[in-house]
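Geometric and topological summary
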Amino acid sequence: MAYGMMRGVTRRLMLLDTASLYFRAYFGVPDSVKAPDGTPVNAVRGLLDFIDRLVKDHRPDDLVACMDADWRPQWRVDLIPSYKAHRVAVETETGPDQEEVPDTLSPQVPVIEDVLDALGIARVGVEGYEADDVIGTFAGRATGPVDIVTGDRDLYQLVDDERGVRVLYPLKGVGTLQLTDETWLREKYGVDGSGYADLALLRGDPSDGLPGVPGIGEKTAAKLLDAFGDLAGIMSAVDDPKSGLTPSQRRRLDESRPYVALAPEVVRVAGDVPLPDVDPALPHSPRDPAALDALAARWGLGGSLQRLLTTLGS
């Protein structure tokens, strides 16, 4: 299914990297924000405030909250076992391992899901895939402009000026966003969207357990990509004694061939996730008002929810 067209009118799609945003809300809103029973709801209310601001400022026609049904897919771990290994809290025999998450955040995630569902905001997670992959597939199928809201630079690889795909990267809350397009990427990293995945692969990412190529930092990776075009061009240069690689670069890249052969599938966002059939249209009124009222009372969602409801109805 393609997203972004309805009755011949081009629609703007906003894709939320939901976990990235509720983690930011959790750490950005004091845990003194609590439900009537004293349970912290700072992530819940903070995320509602984020969505309210995003809708006010950017006026998407369609919005999808993309979820991590599997934060560390086994198919990525099979390729690179260190992938996110340092973030595993509990290993499980069946199903995804449990991620290390702050004790007072974990209980808020089901509340976030229930509130989004009651509001009627489309929420999509697909077994065996990360939210990044869901976002990549939605973005690839979109026929109109796409705003991806994430605090994860990995998704810079999806930026595509020709197709109108950009990343809105929060710098302070979501009131101050870095609007990431190809011009910004070239100025910052010397690559376009498609080149960012190769740069990230070469540089590595300790936060995701990706080792990168030893001795190849961000600046060197950018220079190599500028000189040789892409990862395949760089590896071809390893076999060409006249290519201009320094001896140490040639040696390190040669020694890293096993990693370089496997890492692209891990680093690059999947574009073929089997998405469910959902209606991404931004709701103007709650899908389930009674459930939403009960959630608001139980969790003390107060002004955060009311502001969002006002914005959705305007």
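Up top is the structure.
Let us look at the structure shown here. What you see is a predicted model, and the numbers here were worked out from it, not measured in a lab.

If you walk through the whole model with that rule in mind, you get 18 salt bridges. Here R11 makes a salt bridge to D62, at a shortest N to O gap of 2.6 Å. Within this pair, whereas R11 is found in the loop between β2 (9-10) and β3 (13-17), its partner D62 is found in strand β4 (residues 62-66), the two being separated by 51 residues in sequence. Residue R11 is classed as buried on the basis of its relative accessible area of 15%. A relative accessible area of 4% places D62 in the buried class. Salt-bridge contacts for E130 lead to K84; the nearest nitrogen and oxygen are separated by 2.7 Å. Pair noted here: E130 is in the loop between β7 (122-124) and α5 (131-141) and K84 is in the loop between α3 (74-79) and β5 (88-90), with a separation of 46 residues, a long-range link. Side by side, E130 and K84 carry an identical accessibility label, which is buried. One salt-bridge network, in which partners are shared between bridges, spans R76, K84, E130 and D133.

To continue, consider the layout of surface pockets. Approximately 210 Å³ is the volume attributed to the second largest pocket. Contributing to the lining of the second largest pocket are 15 residues, with D192, S194, G195, D198 and G229 lying nearest its centre. Elements with a contribution of two residues or more to the lining of the second largest pocket: α7 (193-203) and α8 (218-228). With four residues, α7 is the single largest residue contributor to the lining of the second largest pocket. Tallied by class, residues from the lining of the second largest pocket come to four nonpolar, five polar and six charged.

A word on helix α9 (residues 231-238). Counting buried positions along α9 yields six of eight residues, so the element is predominantly enclosed. Along α9, the positions that sit buried rather than exposed are L231, G233, I234, M235, A237 and V238.

Let us now look at unusual backbone geometry. Although it is not a glycine, R59 sits at a positive phi angle of roughly 45 degrees. Counting through the fold element by element, R59 comes out in the loop between α2 (42-58) and β4. For R59, a relative accessible area of 44% puts it in the partly exposed group. In the Ramachandran plot, K84 falls in the positive-phi region, its phi being about 55 degrees despite a non-glycine side chain.

The rules behind each value
Residues numbered from 1 in each chain as written. Predicted model: local features only at pLDDT ≥ 70, side-chain atom pairs only at ≥ 80, totals over all residues. Heavy atoms only, no water. Salt bridge = Lys/Arg side-chain N within 4 Å of Asp/Glu carboxyl O. Helix = DSSP H or I, 4+ residues; strand = E, 2+ residues; numbered from the N terminus. Buried < 20%, exposed > 50% of the residue type's maximum accessible area, 1.4 Å probe, protein only. 1 Å grid on protein atoms, 1.4 Å probe; cavity = no way out; pocket = protein on both sides within 12 Å on 5 of 7 lines; lining within 4 Å. Points joined across faces, edges and corners; volume = space filled by probe spheres on them. Nonpolar A, V, L, I, M, F, W, Y, C, P; charged D, E, K, R; others polar.

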